[in-house]
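Examination of the molecular architecture
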Amino acid sequence: MNPVTLVQQTFRAIDVIRKKRDGVELSRAEIEGLVSAYTAGEIPDYQVSAWLMAVVLKGMTRPETAALTDAMLRSGEVLDLSSLPAKKVDKHSTGGVGDKTSLVLAPLAAGAGVAVPMISGRGLGHTGGTLDKLEAIPGFNVNLPVAEFRRVLEVCGCAMIGQTAEIAPADRKLYALRDVTGTVESPYLICASIMSKKLAEGIDALVLDVKTGSGAFMKSEKDAAFLAELMVETGERMGKQVVALITDMDQPLGNMIGNALEVVEVVEVLRGGGPEDLRELCLELAGWMLHLGGISSTVAEGKQQSAKLIASGKALEKFRQMVELQGGDARVVDDAKRLPQAQHTIQVASAKAGYVGSIQCEQVGTACVILGGGRERKEDSVDPAVGIVLHKKVGDRVATGEPLATIYYNAEARAARARQLIEASFEVTGTASAARRPLIHRVIGEKTIGKSGEKN
Ligand code: URA
């Protein structure tokens, strides 16, 4: 009898759930059994939900995390992109509110000569998802078969898709289940989810953007650093160059939150404008991508090259080309009205004068989900048009009655709930706070990367 048959015969989901519930370490075979049975549709969502919750509460050891990542990675195909001459570099964020950097970075790095095979996720919990943002562009296909993904990558230098039946199918199922069962916030599950799909992409290097603050899954910098180290270690174990930037998510990134609205802001940045925080983070992450991609000898040089690619219009042209190649209406680049439009808007005004002291970022993300911009149940579809535009960010001065935000909505009842949350999320204080949180808190894994962008 071969080992697979043995695993299938002896594997019982209930045993694995109870063991994890009781804090007992699971074996590689048990984890593989659970992942492969769930991917094959042999065990129901409710059992896997219970197991996920046990993982959230009890955690995982390093060997368990490695086994989970491997099992999820091997649930599908691992791409071989060695025929592409350019270095393959991707970037992934742990999830935030208003975080649309992937849509800027893929064409930007491709414009510099890095190949970017990007496999992304949908909105998770209160955070937005790259795939939902891309699908706000009419016609954009995030479900390309692998052969077509490869073709777009060859022609354009970047391609952006979701997990498929071929690539990391286990993450596709688990991700959707975690989203609606309160089981997102586990560093072990986040690590396995991100690293399995990234390692399946056939990349040489990876830049991770690990968020920290009130809108991140990892609220404290300590927890974010733990997750970052876990992912860097997992990537290195698989022979990849991985660096993680711990970046701020204590307020939304940029000013626009919501799928179509975020595409508008992406185009603004690619045109050389857009909000300062978003621009700065995009350049920093692009600097790392170019450095690891062997295009620039330092990160600073990579940032400068990226700024030039934006100024010359080349990055925007790459974005246009990628949208066209993936079936999307590239006219949205010049005419934002071609994106889905919400029927109504309503403003949230400040009840008093002062300075914005803080913005409860998770609540803003939840408000967007309530508007229909994210999912409350697995089978929900998202409304690409709805969202929130912030007029004030932390540190800004505000007068009584001045708008703090505008809500874009299609359903009155949802708008009323979202409005309450947004009102409550702004704290307006009498005095300006002196210290601002930095955008980049720290970098993990850089010491192991040499001057040429190679691992030491
Ligand atoms: N992004 C992912 O791809 N997976 C997670 O679990 C969290 C963020």
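Calculation notes
- Residues numbered from 1 in each chain as written.
- Predicted model: local features only at pLDDT ≥ 70, side-chain atom pairs only at ≥ 80, totals over all residues.
- Heavy atoms only, no water.
- Near = heavy atom within 4 Å.
- Polar contact = N/O pair within 3.5 Å; in protein donor to acceptor, adjacent residues only side chain to side chain.
- Areas by Shrake-Rupley, 256 points an atom, 1.4 Å probe, with all protein chains shown as cover.
- Helix = DSSP H or I, 4+ residues; strand = E, 2+ residues; numbered from the N terminus.
- Nonpolar A, V, L, I, M, F, W, Y, C, P; charged D, E, K, R; others polar.
- Buried < 20%, exposed > 50% of the residue type's maximum accessible area, 1.4 Å probe, protein only.
- Arc of directions from axis to C-beta.
- Contact = heavy atoms within 4.5 Å.
- Domains from an automatic or database assignment.
- Buried area = accessible area lost by both parts, 1.4 Å probe.
- Salt bridge = Lys/Arg side-chain N within 4 Å of Asp/Glu carboxyl O.
- Pairing = 2+ DSSP bridges.
- Axes fitted to C-alpha atoms, helices over the stretch in contact; angles between N-to-C directions.
- Parallel < 35°, antiparallel > 145°, perpendicular 65-115°, else oblique.
- Left-handed = near helix turned anticlockwise from the far one by under 90°.

1. A closer look at the site of the ligand
For the ligand, the full set of nearby residues is His92, Ser93, Thr94, Leu124, Tyr175, Arg178, Ile190, Ser193, Ile194 and Lys197. Here an oxygen atom of the ligand and a side-chain polar atom of Arg178 are 2.8 Å apart. Interatomic distance of 2.5 Å between a side-chain N/O atom of Lys197 and an oxygen atom of the ligand. The fraction of the free accessible surface of the ligand (240 Å²) that becomes covered by protein chains is 97%. Taken together, the elements giving at least two residues each to the shell around the ligand come down to strand E1 (89-93), helix H9 (169-179) and helix H10 (187-199). Partitioned by chemical class, the residues of the shell around the ligand number 4 nonpolar, 4 polar and 2 charged.

2. Some details on helix H2 (residues 13-21)
Taken residue by residue, H2 has Ala13, Val16, Ile17 and Lys20 as its buried positions. Angular distribution of buried residues about the axis of H2 spans 100°; they occupy a single face of the element. Against the buried residues of H2 lie helix H3 (28-39), helix H4 (45-58) and helix H5 (62-73). Backbone geometry just after H2 places Gly23 at a positive phi near 75°.

3. Overview of the domain arrangement of the chain
Structurally, the chain comprises domain 1 (3-59), domain 2 (89-336 + 439-448) and domain 3 (340-429). Computed from C-alpha coordinates alone, the two centres of domain 1 and domain 2 are separated by 30 Å. Between domain 1 and domain 2, the residue contacts involve 12 residues of the former and 13 residues of the latter. Between domain 1 and domain 2 lies a buried interface of about 1,100 Å² when both sides are counted; carbon and sulfur atoms form 80% of it. Among the residues of domain 1 in contact with domain 2, Tyr38, Leu52 and Val56 are the three that bury the most area, contributing 45% of the side total. Inspection of the region where domain 1 meets domain 2 yields 0 salt bridges. One can count 1 residue pair in polar contact (both at pLDDT 80 or more) joining domain 1 with domain 2. Mapped onto the side of domain 1 that touches domain 2, the elements with two or more residues apiece are H3 and H4. With 7 residues, the single largest contributor to the side of domain 1 that touches domain 2 is H4. Residues belonging to the side of domain 1 that touches domain 2 are distributed by class as follows: 7 nonpolar, 4 polar and 1 charged.

4. Topic: the pairing of strand E8 (residues 354-359)
Successive side chains on a regular strand alternate, one facing one side of the sheet and the next facing the other. Here E8 runs beside strand E10 (residues 397-398); their pairing, made up of 2 bridges, is antiparallel. Each bridged residue has a counterpart across the sheet, and for Tyr355 the counterpart in E10 is Arg397. The sheet contact formed by E8 and strand E12 (residues 426-429) spans 4 bridges and is antiparallel. Opposite Ser358, over in E12, you have Glu427 as the bridge partner.

5. Some thoughts on the packing of helix H8 (residues 146-156) against helix H15 (residues 314-325)
It is at 10 Å that the axes of H8 and H15 come closest, and there the two elements cross at 155°. Compared by their axis directions, H8 and H15 come out roughly antiparallel. The handedness of the crossing between H8 and H15 is right-handed. Facing H8, whose interface residues are Glu148, Arg151, Val152, Val155 and Cys156, H15 presents Lys318, Gln321, Met322 and Leu325. Grouping the constituent residues of the contact of H8 with H15 by class yields 5 nonpolar, 1 polar and 3 charged.

6. Observations regarding the environment of Lys314
When you line up the elements, Lys314 lands in helix H15. On the accessibility criterion, Lys314 (43% relative accessible area) is partly exposed. C-alpha of Lys314 to C-alpha of His391: the two residues are 77 residues apart in sequence and 30 Å apart in space. If sequence neighbours within four positions are ignored, Lys314 has contacts with Gly111 and Leu309.

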